[in-house]
Amino acid sequence: MKHCDSAGGASDNMKSPDVTRGPAMKHCDSTLHVKGQSNYVDDIPAPAGMLHGAFLGSPVAHGFIKKLDTSAATKTPGVVSVFTYDDIPGDGMLGPIISDEPLLAIEETTFHGQPIVFIVAETVEAAREGVRACELEIEELHPVLCPREAFKKGDILQELRVFEKGRVDDAWKNCEHIISGSVDLGGQEHMYLETNRSRAIPREDNQILVCCSTQSPSAVQKEVASVLDLPMHKVEVDVKRLGGGFGGKEDQATHWACHAALACHLLKRPVQVVLNRADDMRMTGKRHPYKQDYKIGLDAKGKILSYDVFHYQNSGAFMDLSNAILERTCLHSTNAYAIPNVRISAVPCRTHLPSNTAFRGFGGPQGMFPIEVAIDEAAKKIGIPTWRLQEINLAGKNYVFHYGQKLEDNRLKRCWDEAAIAFNFEETQSRVEHFNSENRFKKKGFAVMPVCFGISFTKTFLNQGSSLVHVYTDGSVSVTTGGIEMGQGVSSNMIEICSRSFGIPASLIKSNSTNTSRIANISPSAASATTDLNGNATLIACNKIIDGMREVAAKSFGCDPSAISIENAEVLKDGRITGLSWRELVSKTYLSRVPLMAHGFYTPPNIHFDGVKGQGRPFHYYTYGACIIEATVDCLRGVYTIDSARLTHDLGRGIIPSVDLGQVEGGLAQGVGWVTIEELKFSDKGRLLSNTVSTYKCPDGDFLPDDIDVRFLENADNPRGPLGSKAVGEPPFMYGMAAFFAVKNAIHSYSPIEKKEIKCPLTPEQTLKLLYPNFAYSEEVT
Ligand code: MTE
Ligand code: HPA
Ligand code: MOS
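About the criteria used
Residues numbered from 1 in each chain as written. Chains lettered and ligands numbered in written order. Predicted model: local features only at pLDDT ≥ 70, side-chain atom pairs only at ≥ 80, totals over all residues. Heavy atoms only, no water. pLDDT = per-residue confidence, 0-100. Contact = heavy atoms within 4.5 Å. Axes fitted to C-alpha atoms, helices over the stretch in contact; angles between N-to-C directions. Helix = DSSP H or I, 4+ residues; strand = E, 2+ residues; numbered from the N terminus. Parallel < 35°, antiparallel > 145°, perpendicular 65-115°, else oblique. Left-handed = near helix turned anticlockwise from the far one by under 90°. Nonpolar A, V, L, I, M, F, W, Y, C, P; charged D, E, K, R; others polar. Core = buried A, V, L, I, M, F, W, Y, C linked by side-chain atoms within 4.5 Å. Buried < 20%, exposed > 50% of the residue type's maximum accessible area, 1.4 Å probe, protein only. Pairing = 2+ DSSP bridges. Near = heavy atom within 4 Å. Polar contact = N/O pair within 3.5 Å; in protein donor to acceptor, adjacent residues only side chain to side chain. Areas by Shrake-Rupley, 256 points an atom, 1.4 Å probe, with all protein chains shown as cover.

Some points on the confidence of the model for the protein chain
Then, number 1: Per-chain confidence: the protein chain averages 95 in pLDDT, with 96% of residues scoring 70 or above.
Then, number 2: Scored below 50 in pLDDT, residues 4-23 shows 28 contacts in the model against residues more than four places distant or in partner chains.

Here's the deal with the packing of helix H17 (residues 657-675) against helix H18 (residues 737-750)
Then, number 1: H18 packs onto H17 with a crossing angle of 45 degrees between their chain directions and a minimal axis gap of 7 Å. With respect to their mutual orientation, H17 and H18 come out oblique. At the point where H17 passes H18, the crossing takes the right-handed sense. Two secondary-structure elements touch here, H17 through Val672, Trp674 and Val675 and H18 through Met737, Ala739 and Phe740.
Then, number 2: The residue makeup of the contact of H17 with H18, split by class, is six nonpolar, no polar and no charged.

Some details on the nonpolar core
A general feature of soluble globular proteins is that nonpolar side chains tend to end up buried together.
Then, number 1: Counting 104 residues, the largest nonpolar core has Ile296, Phe369, Phe425, Ile629 and Ile642 as its most contacted members.
Then, number 2: Counting residues in hydrophobic clusters, the runner-up holds 38 residues, among them Leu94, Leu228, Ala253 and Ala261.

Structural notes on the sheet that holds strand S26 (residues 597-602)
Then, number 1: Read from one edge of the open sheet, four strands run S21-S20-S19-S26, paired in mixed fashion. In this open sheet, the two edge strands, each paired with only one partner strand, are strand S21 (509-511) and S26. Averaged over all adjacent pairs, the angle separating strand axes in this sheet is 20 degrees, with direction ignored.
Then, number 2: Contacts from helix H14 (residues 490-502) reach strand S19 (465-471), strand S20 (477-481) and S21 within the one sheet, and its direction differs from that of S21 by about 150 degrees.

Let's talk about the side chain of Gln429
Then, number 1: The residue Gln429 is located in helix H13 (residues 425-438) in this model.
Then, number 2: Dropping the residues within four chain positions of it, Gln429 is found in contact with Pro385, Trp387 and Phe446.

Digging into the site of ligand 2
Then, number 1: Surveying the vicinity of ligand 2 reveals the residues Glu250, Arg328, Phe362, Ser456, Phe457, Thr458, Leu462, Ala526 and Ala527.
Then, number 2: In the environment of ligand 2, an oxygen atom lies 3.2 Å from a nitrogen or oxygen atom belonging to the backbone of Thr458.
Then, number 3: Notes on ligand 2: free accessible area 260 Å², of which the protein chains cover 98%.

Here we look at the environment of Leu298
Then, number 1: Mapped onto the fold, Leu298 is located in strand S15 (residues 290-298).
Then, number 2: For Leu298, a relative accessible area of 1% corresponds to the buried category.
Then, number 3: Residues Leu298 and Ala378, spaced 80 residues apart in sequence, show a C-alpha to C-alpha distance of 8.2 Å.

Observations regarding the packing of helix H10 (residues 364-382) against H18
Then, number 1: Contact geometry for H10 and H18: axes closest at 11 Å, N-to-C directions at 25 degrees. For the element pair H10 / H18, the angle class is roughly parallel. Remark: the crossing between H10 and H18 carries right-handed chirality. Mapping the contact onto sequence places Pro365, Met368, Phe369, Glu372, Val373, Asp376, Glu377 and Lys380 in H10 and Met737, Phe740, Phe741, Lys744, Asn745 and His748 in H18.
Then, number 2: Its residues assigned to classes, the contact of H10 with H18 comprises seven nonpolar, two polar and five charged.

Some thoughts on the environment of Arg277
Then, number 1: Its place among the elements puts Arg277 in helix H8 (residues 277-283).
Then, number 2: Judged by relative accessible area, which is 23%, Arg277 ranks as partly exposed.
Then, number 3: Between the C-alpha atoms of Arg277 and Asn196, which are 81 residues apart in sequence, the distance is 9.0 Å.

With respect to unusual backbone geometry
Trans peptide bonds make up most of the peptide bonds, and negative phi angles are found at most residues other than glycine.
Then, number 1: With an omega of 10 degrees, the peptide bond running from Cys760 to Pro761 counts as cis.
Then, number 2: Here the phi dihedral of Asn335 falls at roughly 40 degrees; this positive angle occurs in a residue that is not glycine.
Then, number 3: Note that Asn335 resides in the loop between helix H9 (322-331) and strand S17 (341-350).

If you want it as structure tokens, here you go:
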């Protein structure tokens, strides 16, 4: 026997199998989804005696628990048990970086809705009845909601971090134009269709099975084991698919799994926890809002000489992933621009909100937004179109970022130029100007957004993927990896990779659920890297099996194994059909006692990052693109339409075109929503007001433009991704930011904007305030 995951992995230039594409491929779940037959956690038939959970959440954002009496709850009909922090047998503190979050509040509550008591009952209704029967006396304390206020009070989760390149302070004197201002950047609700949920089922010998809607099964396994004081091997976590995660379930699915597991373990009965929409919205963290101060200096030709930015991150109540997110904010603070002198200061500030967390882009968008504001403001001051200024400053080949990484394989300019030609930036400029000169109350605006997004977990150790491939004696295949299917299509990609590796149709291949008993120590499905990491691991596993099968075939044909290949499920020798089928060769291989299963392990080579010095080569490569968005503002009413979004995107050589297109359009839509209509409103006491889909508006088909034109770079194979592909999950989100500046430009041509603080999202309400800055608006109702 040999070790199934011997180190080394694939080389940087791993060759993709040379198999021609089959018929049009699609997302492997699409038929089941359309028929409503795909299973999510609570579609699995309920085991007999399953209990249901509900929470007593903190009624205040910051409070001191003076008295808690759960005796009436215990007596409520249907209620089986009531749990507080003291019932936790193991460690009741959770957190992916530091364990600072109690599973149930202890004495102090630090956000509105924070779970204090967990009740399980025969029905959901009885559990909720039990919650209402709890008697809680709580002293309300002052909630801090603004990161600047938290910083002033010294309430920070980590010391201030500073990234520096060149000499920022010396550079100002060489600048012709210096602009400074601030940004109030809003958060974002994940709005996955499937809210957080988990089911825990007791097994023999204190073992436990947890079915959970999580992006990180190993994190769930680890925390459940720690909460229950069990070794990790007694906890099995199984995830078939999620109804969306978007980063919201990278870390924050864990809590609900721990609650379910706690009751299950102590009562030895199956327990399910399902958050309803309002609870999910108020009890879980969101994209981090930021407050930012910037200063930018340019020479007479418009070249940026110096950029200084300070990020106050609104981290919420606990660390969660905040410092890793803030790090990516820092890495992406100059977006796609070459700047000789840069200073980026960043601090995670503790506030009395649910702990903010990962969300598509992982802090990157928050890093990019202020540099885009700065360039836009500078362009207005200098009097040239913003896109010209962006173009002048695009980072060229071998540009070295402030964290030390060189832009080696730079396709940024290529994307920009192809977009500029295909979508006519010049012509758009004159068409929009002409429209605006002809129309008094309707104004158009457009903006361009270049993207240069680093691919890899910035915590280098997380960049590892595993795959387990089984070929059964009937020739059918199953693949299990560490990748979580959350709609993004990783299962389909894995099937496609197996299909092309083996030379067999996708219909012979099944993608299994992700399970901690099949794959250990799984990195979260995040950082857009899931297909890269697990896909390369799958290639390695498939190649191991194929090698064995070739040997078997070569022996029977009396030739060298290199002469053997498989196409369309037929075994070929020197490219000619032999008459031996895939299935027959599988059978021969089995009878020859050669393995038909293999494990592949992959880690990208040559990545490293010193988090203390802020220097290294954190990214395996970058994904590039450029997008132009046009908008029209109704200047009497403040409402607007996003008219078109057109973009050129570097996908490498895509794996499944329809899946990739779905990712690009979905990311774009989510980015547009973030900067336009998605507004989180909290009362001044820290209670979420926008806690339903009627008060928190996400872009729908009506809001999004009909005119979305996505072009992929051609002849752009990426030697670092499986089958020549590039990561696609997060980068398109960034394109959405162009919608903000498109609307802003339209407003500006009606009524020049002279605000020092730029507020995002640009809701119709904000738009109206910018159109009519001198109107006396009534106090906001909270
Ligand atoms: N697409 C769908 N349909 N659902 C999701 O939850 N999450 C996004 C993106 N696209 C998401 C999605 C986020 S935040 C990330 S990091 C990537 O998918 C994760 O998957 P990948 O690594 O396979 O790209
Ligand atoms: N992206 C997404 N998730 C992460 C990262 C990252 O860079 N680092 C840790 N978790
Ligand atoms: Mo995505 S924010 O890395 O889950």
